[in-house]
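# Architecture at a glance
Here is how the chains run, residue by residue.
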Amino acid sequence: MKRPLYFSTVILFLLLVSCKKYLTSDSASRFSEEYVFGSEPDATKTVNMVYAMFNQDAFTSRVSTLFAGNTDVEVGNSVSASPDGARRDLWSFEATTSNNDLLTVWNNAYSAINKANECEHGLTTISLVKDPTNATYLNLLGEVKVLRAYWYMLLMHHWGDVPFSIKPSRAGDNFYLPKTGRDSILTFLINDLIGIESKMQWADQLDNGIERINREFAMGLIARLSLIRGGYWLYPDMTMKRKDDYQEYYKIANTYSKKLVSMKPRMLTDFATVFMNENKYIKPLNSDILYEVAYAPGFGDVGWCVGVGVTNGISYHSFGATTIQMSLTPTYYYSFDTTDLRLAATCSIIAYNDTLAQVSTGPTSITINKWNRMLVPTPLGPSSSKGTSINWPLMRYADVLLMLAESENELYGPTSDAKDALRKVRQRAFPPALWGDKVETYITAVGGSKQLFFNAIVNERAWELGGEMVRKFDLVRWNLYGKQIAETRKVLNQMGQDAIAGVGIYSHLADYLYAKRNSDKTLSFLNRFQKVSGVVPAEYNIKINWMRNLWNTTTDGPANYTLWQWRGYGDNTGNTPVRYVLPLHSSVISNSLGTLKNEYGY
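Quick summary incoming for the structure in this document. (Residues numbered from 1 in each chain as written. Predicted model: local features only at pLDDT ≥ 70, side-chain atom pairs only at ≥ 80, totals over all residues. Heavy atoms only, no water.)

## Notes on the overall build of the protein
Helix and strand counts for the protein stand at 20 helices and 17 strands. Taking 602 residues into account, the globule formula puts the C-alpha radius of gyration at 25 Å, and the protein, at 24 Å, falls close to it. Long-range contacts, defined here as pairs at least 24 residues apart, represent 73% of the contacts in the protein between residues at least 6 apart. Here the protein has roughly 22,000 Å² of accessible surface; of this, 53% comes from carbon and sulfur atoms. (Helix = DSSP H or I, 4+ residues; strand = E, 2+ residues; numbered from the N terminus. Rg over C-alpha atoms; globule rule 2.2 N^0.38 Å. Contact = heavy atoms within 4.5 Å. Areas by Shrake-Rupley, 256 points an atom, 1.4 Å probe, with all protein chains shown as cover.)

Below is the structure:
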């Protein structure tokens with residue numbers, strides 16, 4: 001049974017952020033700081049208000065999921081022939097200063113940050129002054145520092161250099177702060193978390209387990225922030241660069257990923273079960289997920305905007321309906337080894353119609369199989385849509401293992417530690433009978449050089465974390481974003497041409513899919529991974545246009561999917577940087593009184 005983490009709190013004293021300003025106070029405190037930080041229960045309820053900012057649409061169906069397209073793995077659905085002024089423009093790299101989704105996320109992020117600043121002030125000046133060694137207060141302090149760091153990370157992901165403050169806003173403050181460089185912000189956040197991490201509690205020591213910020217997640221976030229700090233990012237002159245001291249941050253990432261693996265190791269359990277647990281509202285401790293955003297009943301959009309598609313036009317069934325807005329590319333689907341257990345757990349080529357019969361998706365509508373609203377313990381209701389209460393994972397142990405392998409390789413090459421970390425991830429991905437070939441032989445091959453091992457990490461992170469919306473900023477920090485988009489377009493076009501021509505490097509893939517309807521309304525496919533050779537058995541009487549959909553036979557050119565999906569990035573060589581940094585909303589600019597301006601050609 002799900003346990004609401006923060007929605008029952010009644011303390012609303014924290015200052016809100018105006019739609020017109022960031023880090024600004026609009027209302028007076030309802031309770032004094034001495035009151036709300038004077039006891040463990042009240043301090044906990046107050047910190048819960050920072051968590052509550054995860055419940056806003058700005059997070060649930062925007063920055064956590066939909067802002068993460070478009071990559072070589074995750075892409076937004078229904079990019080149209082021309083910009084539409086909404087989130088699809090983010091996917092096609094055509095966002096403008098009037099896009100209201102940008103303002104929604106910006107305001108919500110700074111509201112969360114200011115609440116975290118308020119809590120840090122109260123905990124350090126009241127709670128911990130009264131009881132300096134109190135484990136609850138120390139973990140609460142760690143929670144607000146981690147939450148603040150996470151929200152700043154999201155802001156920097158999407159806007160680059162941003163205004164930065166760690167002080168709660170007060171009347172009379174200067175609310176129009178200039179931008180601070182990402183390197184400075186990241187350096188502060190990393191050191192801030194390093195200073196508190198050892199004073200925090202493990203998930204198995206907390207009442208809410210992995211639904212509460214814990215020590216293992218703090219360690220993982222230190223590693224992630226350090227890899228971002230040590231990676232590439234886009235500058236206003238439209239060049240991708242990384243700082244000269246990047247290796248120092250790879251060392252920090254390496255130290256903290258190793259520290260977690262050493263101090264709190266755990267076995268990687270069955271891959272599909274990790275996400276089935278989320279669908280079933282099960283929260284195992286000391287397993288793969290380190291921390292997941294907790295959604296109480298009626299909140300959260302996992303299984304609505306991301307997950308397996310379900311329609312329910314006139315309330316035929318009790319599971320409600322989805323508006324799936326993120327899918328996976330055909331190139332990603334066919335990049336998997338067909339024996340990789342993560343393929344079926346990650347990629348779905350079926351959806352459910354009004355009668356709960358399975359229907360095939362198209363090749364450009366492959367959905368994320370990790371989440372499915374039909375699997376929750378109690379059906380959500382015929383008219384339900386949003387608010388599935390399925391939690392959203394922010395970090396898994398497998399991610400930490402891959403960060404360990406990546407940082408180790410960057411610093412020292414493919415050492416035994418790097419190989420062992422990769423081995424643990426791949427062993428979970430394949431049946432034990434195949435470990436000789438798919439794990440040991442594979443690792444020996446990619447371990448032949450630093451570059452080969454890095455390429456393997458790039459691939460492994462895609463296969464392991466697909467649909468979890470980390471790919472975009474992995475590609476950024478590796479300076480591979482443009483190259484991967486260009487390669488994806490090239491391969492998609494070749495797949496389509498080869499399917500039409502019947503010859504070529506990809507002509508073995510299914511030009512058509514053939515399926516049969518079973519008595520239980522499921523579909524069985526004859527040829528997921530290859531073109532049918534010979535006569536199609538009569539019972540496979542459902543014929544689906546598949547790879548042929550990737551080429552327009554009327555124009556003898558690319559399908560609209562490929563033409564439109566990444567439209568704002570036109571370099572088919574992949575050498576030009578992708579303008580992934582978003583513009584500041586026009587109201588943010590105007591209300592900054594000249595402090596802020598748009599760059600990057602906006």
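## What to know about empty space enclosed by the protein
Within this structure, the stated rule accounts for seven cavities of 30 Å³ or more. In this model, the largest cavity occupies a volume close to 350 Å³. Surrounding the largest cavity, 27 residues form its lining, Met153, His157, Arg224, Met469 and Val470 being those nearest its centre. Mapped onto the lining of the largest cavity, the elements with two or more residues apiece are α6 (135–159), α8 (215–229), β12 (392–396), α13 (397–412), α16 (450–465) and α17 (471–478). Counted by class, the lining of the largest cavity contains 17 nonpolar, three polar and seven charged residues. Along its surface, the second largest cavity is lined by Met153, Met156, His157, Arg182, Leu186, Ile228, Tyr232, Trp233, Phe473, Val476, Arg477 and Tyr580. Taken together, the elements giving at least two residues each to the lining of the second largest cavity come down to α6, α7 (182–197) and α17. (1 Å grid on protein atoms, 1.4 Å probe; cavity = no way out; pocket = protein on both sides within 12 Å on 5 of 7 lines; lining within 4 Å. Points joined across faces, edges and corners; volume = space filled by probe spheres on them. Nonpolar A, V, L, I, M, F, W, Y, C, P; charged D, E, K, R; others polar.)

## Points about the sheet that holds strand β13 (residues 512–517)
If you trace the three strands from one edge of the open sheet to the other, you get β14-β13-β15, paired in antiparallel fashion. Two strands lie at the open edges of the sheet, namely β14 (523–525) and β15 (542–545), each paired on one side alone. On average, adjacent strands in this sheet sit at an angle of 35° to one another, irrespective of strand direction. (Pairing = 2+ DSSP bridges. Axes fitted to C-alpha atoms, helices over the stretch in contact; angles between N-to-C directions.)

## Considering helix α9 (residues 246–263)
Its 18 residues give α9 an end-to-end C-alpha distance of 26 Å, which sits within 8% of 26 Å, the value for a rise of 1.5 Å per residue. Here the buried face of α9 lies against α7, α8, β6 (289–293), α13, α14 (416–429) and α17. (Expected span 1.5 Å × (residues − 1).)

## Observations concerning the packing of aromatic side chains
Per the stated rule, a full pass over the model turns up 23 aromatic pairs. On the numbers, 6.4 Å between centres and 80° between planes, the contact of Phe473 with Tyr580 is edge-to-face. Of the two residues, Phe473 sits in helix α17 while Tyr580 sits in the loop between α19 (560–565) and α20 (586–591), which places them 107 residues apart along the sequence. A connected cluster of aromatic rings, assembled from ring pairs, spans Trp106, Tyr110, Tyr152, Trp159, Phe164 and Phe188. (Phe/Tyr/Trp six-rings, centres within 6.5 Å; stacked < 30°, edge-to-face > 60°.)

## Description of unusual backbone geometry
Across the junction of Gly69 and Asn70, the peptide omega takes the value 0°, indicating a cis bond. Secondary-structure assignment places Asn70 in the loop between α3 (57–63) and β1 (74–76). A positive phi angle is found at Tyr281, which is not glycine, with a value near 65°. Relative to the assigned elements, Tyr281 resides in the loop between α10 (271–279) and β6. Accessibility expressed as a relative area gives 15% for Tyr281, which makes it buried. Backbone geometry places Asp556, a non-glycine residue, at a positive phi of 50°. Locating Asp556 in the fold gives a position in the loop between β16 (551–552) and β17 (557–558). (Buried < 20%, exposed > 50% of the residue type's maximum accessible area, 1.4 Å probe, protein only.)

## Brief notes about the environment of Tyr110
Examined against the element boundaries, Tyr110 turns out to sit in helix α5 (residues 100–130). Between the C-alpha atoms of Tyr110 and Tyr152, which are 42 residues apart in sequence, the distance is 8.4 Å. Separated by 2.6 Å, the side chain of Tyr110 and the backbone oxygen of Pro163 make a polar contact. (Polar contact = N/O pair within 3.5 Å; in protein donor to acceptor, adjacent residues only side chain to side chain.)

## Overview of the side chain of Asn254
Of note, Asn254 is situated in helix α9. Once residues within four sequence positions are removed from consideration, Asn254 is found in contact with Leu404, Ser407, Glu408, Leu411 and Tyr412.

Purely geometric numbers; function is a separate question.
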